[in-house]
Amino acid sequence: MAFTRLMPFVAATVALLVSAAAPSATAAPEVFHFRLANGLELVVVPDRRTPVVTHMIWYRVGAADEPPGKSGIAHFLEHLMFKGTAKNPAGRFSKTLAEIGGRENAFTSSDYTGYFQRTSREHLKTLMEFEADRMTGLVLTDDVVAPELKVVLEEWNQRVGNSPGARLGGQGRPAPFFQFY
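Computed from a predicted structure; not experimentally measured.

Caption draft 1: Main features of the packing of aromatic side chains. According to the stated counting rule, one finds 6 aromatic pairs in the structure shown. Centroid distance Trp58 to Phe107: 5.3 Å. Interplanar angle 75°. Geometry classified as edge-to-face. Within this pair, whereas Trp58 is found in strand β3 (residues 52–59), its partner Phe107 is found in strand β4 (residues 103–108), the two being separated by 49 residues in sequence. With relative accessibility at 46%, the residue Trp58 sits in the partly exposed group. A centroid spacing of 6.0 Å and a plane angle of 50° characterise the contact between Phe82 and Tyr115, whose relative ring orientation is tilted. Of this pair, Phe82 sits in the loop between α2 (73–80) and α3 (92–99) while Tyr115 is found in strand β5 (residues 113–120), placing the two residues 33 residues apart along the sequence. Look at Phe82 and you get partly exposed, because its relative accessible area is 28%. Clustering of aromatic rings is evident, with ring pairs tying together Trp58, Phe107 and Tyr112. Sitting above the plane of the Phe82 ring, Arg134 keeps its charged end 4.8 Å from the centroid.

Structure (C-alpha cells):
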C-alpha cells in the first residue's frame, strides 16, 4: 500500500535520472509566463515530442489557508469542483474527457489545490472551456454538498481515523484534519 503511493514519485525520479544521464541534443524548454487582464497567471511549457497536452489549473489555496480549528475545507472544495455547473451538469466534464481518451485528477496540498487533464492536443480548447465554466459557474446545493461531505469524511476515516500513526502525526499540526463538520 505505501509502495503504491510512492510509485508516482519513484517513476518521476527514475525518469528524471534517466533524462539527466542521457546526452541532451536540445536546450532547456521554452517557458512562457504571463498574466491575463483578469489576474489569471499562465505558464506555458511547450513539449512537442508527443501529440498530447497536459492542462493544469492551480489555485493558490490549500490546507494552510484554512481558519484555525477548521481543516479539510480545501480538500472538500476540491471534490465539489467535480459536481457540475448549469452549462455542464455533474459528470459531463469527466465523461467528455473519457470519450476523447483523456484522464483527469485533482490534488490538495498545504498551499495549493490543483486540477489536471491530459488528452490529445486538439482538445485543449475543450479542456479550457470546461475549466473556465467550473471556475465561475459551480452549482452547489444541499443535495450536492451533503453526500460529498460524507465521501470526504470517509476518506479521512480511511487515511487518518483508522490509522493510529496518522492520528498521532496530526497532533503536531495547528488544526487536526477535517474539523469543519
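Caption draft 2: Looking closely at the nonpolar core. Counting residues in hydrophobic clusters, the biggest one holds 5 residues: Val53, Phe93, Leu97, Leu127 and Phe130. For this core, the secondary structure elements donating two or more residues are α3 and α4 (124–137). Discounting chain neighbours no more than four positions away, the residues touching Phe93 are Gln117, Leu127, Phe130, Glu131 and Arg134.

Caption draft 3: Structural context of the pattern of salt bridges. Counted under the stated rule, the structure contains 8 salt bridges. The salt bridge involving Glu148 is made with Lys83; its shortest N-O contact spans 2.8 Å. A residue pair is termed long-range when its members are at least 10 positions apart, and Glu148 in helix α5 (residues 142–161) and Lys83 in the loop between α2 and α3 qualify at 65 residues. Owing to a relative accessible area of 9%, Glu148 belongs among the buried residues under this scheme. With relative accessibility at 26%, the residue Lys83 sits in the partly exposed group. Here Lys125 and Glu129 are joined by a salt bridge, their closest N and O atoms 3.9 Å apart. Residue Lys125 and its partner Glu129 are located together in helix α4, separated by 4 residues, close to a single helical turn.

Definitions and limits used
Along each chain, residues carry numbers from 1 onward, in the same order as the chain's sequence is written. Since the coordinates come from a predicted model, pLDDT governs what is reported: local features require at least 70, and pairs of side-chain atoms require 80 or more to be given and counted, while whole-chain, interface and lining totals use all residues. Hydrogens and water molecules were not included; the side-chain quantities draw on all heavy atoms of the structure. Under the pairing criterion, centres of Phe, Tyr and Trp rings, with the six-membered ring standing for Trp, must be within 6.5 Å; the plane angle then separates stacked pairs below 30 degrees from edge-to-face pairs above 60, leaving the rest tilted. Helix and strand definitions follow DSSP, with helices as H or I runs of at least four residues and strands as E runs of at least two, each counted in order from the N terminus. Working definition: with a 1.4 Å probe on protein chains only, accessible area under 20% of the residue-type maximum means buried, over 50% means exposed, and in between means partly exposed. In this analysis the charged atom, NZ for Lys or CZ for Arg, is taken to sit over a ring once it is within 6 Å of the ring centre and within 35 degrees of the ring normal. Note on terminology: a nonpolar core comprises buried Ala, Val, Leu, Ile, Met, Phe, Trp, Tyr and Cys residues joined through side-chain atoms within 4.5 Å. It only takes one pair of heavy atoms within 4.5 Å for two residues to be counted as in contact. Put simply, a salt bridge is a Lys or Arg side-chain nitrogen that is within 4 Å of an Asp or Glu carboxyl oxygen.

Remember, this is a structural readout, not a statement about activity or role.
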